Amino acid sequence: MSGPRDWSPGEPRRPGVIRRVLPIALAFAVIAGGTVYLRGDLRSLIGTAPGSPRSAAATHRLYAATRPVGGRCAGLPRDLDARAGVTLRALARCLDRMWAASLAEAGVEYTPPSELRLVRVPADAACGKEDHDWAGIYCPRDRVVNVLVQGGDGRTAPMMFTLAHEYAHHVQEVSGIADRRGSETFDEAWSRRLELQADCLAAAALRVVGPRLLRDQRRLAAADAGDADGPAASYRQSHGSGASSAAWIARGQRTGTVGACNTWGVPAKQVS
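Think of each chain on its own: its residues are numbered from 1, step by step along the sequence as written. Given that the model is predicted, a residue must reach a pLDDT of at least 70 before its local features are reported, and side-chain atom pairs must reach 80 or more before they are shown or counted; all residues, however, enter totals for whole chains, interfaces and linings. Side-chain measures were taken over the full set of non-hydrogen atoms in the model, leaving aside hydrogen atoms and water.

> A description of the state of the cysteines should follow, citing residues and the corresponding values.
Here, two cysteine sulfur atoms that lie within 2.5 Å of each other are counted as a disulfide. The final tally for this structure, using the stated rule, is 3 disulfides. Shown here is the disulfide that connects Cys-73 with Cys-94, its sulfur atoms set 1.9 Å apart. Because the sign of the S-S torsion sets the handedness, a value of about 90° for the bond joining Cys-73 and Cys-94 places this disulfide among the right-handed ones. Highlighted residues: Cys-73 in the loop between helix H3 (62-65) and helix H4 (84-105) and Cys-94 in helix H4, separated in sequence by 21 residues. Per residue, the accessibility class of Cys-73 equals that of Cys-94, and both read buried. Every helix listed is a DSSP run of H or I at least four residues long, and every strand listed is a run of E at least two residues long, numbered separately from the N terminus. For every residue, the accessible area (1.4 Å probe, protein chains only) is compared with the maximum for its type, and the residue is labelled buried under 20%, exposed over 50%, or partly exposed between those bounds.

> So, the environment of Ala-57: which residues are in play, and what are the values?
Mapped onto the fold, Ala-57 is located in the loop between helix H2 (41-46) and H3. As a C-alpha pair, Ala-57 and Asp-179 span 122 residues in sequence and 8.1 Å in three-dimensional space. Setting aside residues up to four positions removed in sequence, Ala-57 forms contacts with Tyr-63, Ile-177, Asn-262 and Trp-264. It only takes one pair of heavy atoms within 4.5 Å for two residues to be counted as in contact.

> Break down the packing of H4 against helix H5 (residues 156-175) for me, citing the residues and quoting the values.
At a minimum axis separation of 10 Å, H4 and H5 run at an interaxial angle of 35°. As H4 packs across H5, the resulting crossing turns out to be right-handed. Together, Ala-84, Thr-87, Leu-88, Leu-91, Ala-92, Leu-95, Asp-96, Trp-99 and Leu-103 of H4 and Thr-156, Met-159, Met-160, Leu-163, Ala-164, Tyr-167, Val-171, Val-174 and Ser-175 of H5 make up the contact between the two elements. When residues are sorted by character, Ala, Val, Leu, Ile, Met, Phe, Trp, Tyr, Cys and Pro go into the nonpolar class, Asp, Glu, Lys and Arg into the charged class, and all the rest, Gly among them, into the polar class. Counted by class, the contact of H4 with H5 contains 14 nonpolar, 3 polar and 1 charged residues. To define axes, lines are fitted to C-alpha atoms, for helices over the stretch in contact only, and angles between the resulting N-to-C directions are given on a 0 to 180 degree scale. In a left-handed crossing the near helix is turned counterclockwise from the far helix by less than a right angle, and in a right-handed crossing that turn is clockwise.

> Can you lay out the sheet that holds strand S3 (residues 144-148) for me, pointing to particular residues and giving the numbers?
Here a strand pair is declared whenever DSSP counts at least two bridges between the two strands. A sheet is described by the order of its strands in space; here 3 strands give the open sequence S1-S3-S2, paired in mixed fashion. Edge strands, defined here as strands with exactly one partner in the open sheet, are strand S1 (115-119) and strand S2 (136-139). Direction aside, neighbouring strands of the sheet carry axes that sit 15° apart on average. Bridging between S2 and S3 involves 4 bridges; their strand directions are antiparallel. Its bridge partner being in S3, Tyr-138 is matched across the sheet by Val-145. Contacts from H4 reach S1 and S3, with the element oriented near 160° to S1.

> Which residues make up unusual backbone geometry, and what values go with them?
Not every positive phi belongs to a glycine, and Arg-143 is a case in point at roughly 55°. Look at Arg-143 and you get partly exposed, because its relative accessible area is 30%.

> Lay out the pattern of salt bridges in plain terms, naming residues and giving numbers.
We define a salt bridge as a contact between a side-chain nitrogen of Lys or Arg and a carboxyl oxygen of Asp or Glu at a distance within 4 Å. Counted under the stated rule, the structure contains 4 salt bridges. Residue Arg-67 pairs with Glu-105 through a salt bridge whose shortest N-O separation is 2.9 Å. A residue pair is termed long-range when its members are at least 10 positions apart, and Arg-67 in the loop between H3 and H4 and Glu-105 in helix H4 qualify at 38 residues. Residue Glu-105 is classed as partly exposed on the basis of its relative accessible area of 31%. With a shortest N-O distance of 3.0 Å, Arg-117 and Glu-115 are connected by a salt bridge. The exposure class of Arg-117 is partly exposed, given its relative accessible area of 26%. You can call Glu-115 partly exposed: its relative accessible area is 33%.

Here it is as structure tokens:
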């Protein structure tokens, strides 16, 4: 061989540059590919992905250990629309009582939200100030429930459902159902399961308090076909379709149990 060489005939041959680099590159490719796979099929296989009946969110002890939620709500004014603030604060006290009793059955300590904010504009909320398309929002870091209070006749009933929905997010937070640590990752599919479960839990809590309210809410949700794109489509991607929302509200109202609201272990088509 003419020219320089990088190995000696008396020593084991050392691989050339390509043969030295190729195994390392392949190793990185396998690791990277495995990471992507872990987010998808493998997460489903080992039971950490939403939709797996073995995931932590799908096997939470609340589902088996609790009886129907809710009951009558003492303190609600006769005319719910006369003073929305009075109605919503009275309902909040009832929701605290309902969820404290229900979670206690499973040995889970319930603590009320740190604050209930009834706001006129999103800028007054504890979070989501830059967002202008919500009726209610829950701030998990500070555990604050925010509801947008709007004027006009006949609008308190939808705000009651909004309040119960945001309270359901608080229940998900304090119970650990919404825990995203470990292999649980936030994406639109995860968000849809979270939001549709909140619809179902809200209906479970309100099934005695406001059956007519829930009927109207189901009708509104089912009628919301929306556009194929734009803000409405984005909302459906993160919150679920109107048909899915109506179905989960109906399930919560019919059964009243947390177990019936287990959106985490059902096929994707049920939380679309």
